[in-house]
Amino acid sequence: MFSVELPAVVQLSQTLLDRISEVTNSARNASVEQENFLQVSCYLERMVPICFELRGARDTSPMIREILEALLREVNSADNIINLCHTKSKLYLVTHVKTLLKQLEKVIHDLGRSLSLIPQSSVQGHEDTKAVIDSLSRDMQKAHFKVKESDDLIHHILTEDSIILQKDLNMQ
């Protein structure tokens, strides 16, 4: 019996779909900044039909493979950030929330840029599918995550206390 190897684009599309599912579930269960992480999961869910379209398309060009690889890298980057929110202490998260959200924002922007590179010919010439891709791409590139006021206040207080403690230590 012969083994038929699936084209790299089909394999990458399926891997991307699997990772999106995992990361979406993880984002929905984040214990901090839940609103921002829900937004991330919504962006990722909106990518699913695009991945199905690319998986079923006949375009197996190196360009599509590179776009899928970039999307997969960025989804994995989002997963790494989200995993920090599951594994780090509340104190760490509060003191690093701005940095984590900025990193996540950059990942979403990069996902949007990668989506914008998908040519219409890769979605079998469907203008409506390309319009959906372009809309999602624009939305993702404009994404902005704002720290909750309560977390921002706690972060500010901890930062101020840290500065005061450092000054006290330097004086001794």
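For clarity, every value in this text was computed on a predicted model and none was experimentally measured. (Residues numbered from 1 in each chain as written. Predicted model: local features only at pLDDT ≥ 70, side-chain atom pairs only at ≥ 80, totals over all residues. Heavy atoms only, no water.)

K.L.:
Can you lay out the overall build of the protein chain for me, pointing to particular residues and giving the numbers?
P.N.:
Broken down by element type, the protein chain carries six helices and zero strands. Seen in sequence order, the protein chain has helices and strands lined up from the N terminus as α-α-α-α-α-α. Evaluated residue by residue, the protein chain yields a buried proportion of 41% over its 172 residues. Taking the intrachain contacts of the protein chain between residues at least 6 apart in sequence as the baseline, contacts between residues at least 24 apart amount to 82%. Within the structure as shown, the protein chain displays about 10,100 Å² of accessible surface, and the carbon and sulfur contribution to it stands at 54%. (Helix = DSSP H or I, 4+ residues; strand = E, 2+ residues; numbered from the N terminus. Buried < 20%, exposed > 50% of the residue type's maximum accessible area, 1.4 Å probe, protein only. Contact = heavy atoms within 4.5 Å. Areas by Shrake-Rupley, 256 points an atom, 1.4 Å probe, with all protein chains shown as cover.)

K.L.:
Can you break down the packing of helix H2 (residues 34-56) against helix H3 (residues 62-87) residue by residue, with the values?
P.N.:
It is at 13 Å that the axes of H2 and H3 come closest, and there the two elements cross at 155°. The orientation of H2 with respect to H3, classified from their angle, is roughly antiparallel. Classified by chirality, the crossing of H3 by H2 is left-handed. Every residue of H3 that contacts H2 at Phe37, Val40, Leu44, Met47 and Leu54 is listed here: Leu68, Leu71, Val75, Ile82 and Cys85. Partitioned by chemical class, the residues of the contact of H2 with H3 number ten nonpolar, no polar and no charged. (Axes fitted to C-alpha atoms, helices over the stretch in contact; angles between N-to-C directions. Parallel < 35°, antiparallel > 145°, perpendicular 65-115°, else oblique. Left-handed = near helix turned anticlockwise from the far one by under 90°. Nonpolar A, V, L, I, M, F, W, Y, C, P; charged D, E, K, R; others polar.)

K.L.:
Any details on the nonpolar core? Residues and values, ideally.
P.N.:
Ranked by internal contacts, the top residues of the largest apolar core, which has 44 residues, are Met47, Leu111 and Leu115. Put simply, the parts of the chain that give this core at least two residues each are helix H1 (8-28), H2, H3, helix H4 (90-116) and helix H5 (127-141). The leading source of residues in this core is H3, at ten residues. Apart from the residues within four sequence positions on either side, leucine 111 is in contact with Leu44, Met47, Leu71, Glu74, Val75 and Met140. (Core = buried A, V, L, I, M, F, W, Y, C linked by side-chain atoms within 4.5 Å.)

K.L.:
Can you explain the packing of H2 against H4? Please cite residues and give values.
P.N.:
Across the interface, H2 lies against H4 with an axial gap of 12 Å and an inter-helix angle of 15°. For the element pair H2 / H4, the angle class is roughly parallel. Crossing of H2 against H4: the hand is left-handed. Between H2 and H4, the contacting residues are Asn36, Phe37, Val40, Tyr43, Leu44, Met47 and Ile50 on the first element and Leu101, Leu104, Ile108, Leu111 and Leu115 on the second. Residues of the contact of H2 with H4, tallied by class, amount to eleven nonpolar, one polar and no charged.

K.L.:
For the environment of valine 97, give the residues involved together with the corresponding values.
P.N.:
On the secondary structure map, valine 97 appears in helix H4. Residues valine 97 and cysteine 85 lie twelve residues apart in sequence; the distance between their C-alpha atoms is 9.2 Å. Sequence-distant contacts of valine 97, that is, excluding residues within four places in its chain, are made with Glu33 and Val147.

K.L.:
Tell me what's going on with H1, and back it up with residues and numbers.
P.N.:
Here H1 is 21 residues long and its end C-alpha atoms lie 30 Å apart, about the 30 Å a rise of 1.5 Å per residue gives. Regarding H1, the residues found buried are Val9, Val10, Leu12, Ser13, Leu16, Leu17, Arg19, Ile20, Val23, Thr24, Ser26 and Ala27. Against the buried residues of H1 lie H2 and H3. (Expected span 1.5 Å × (residues − 1).)

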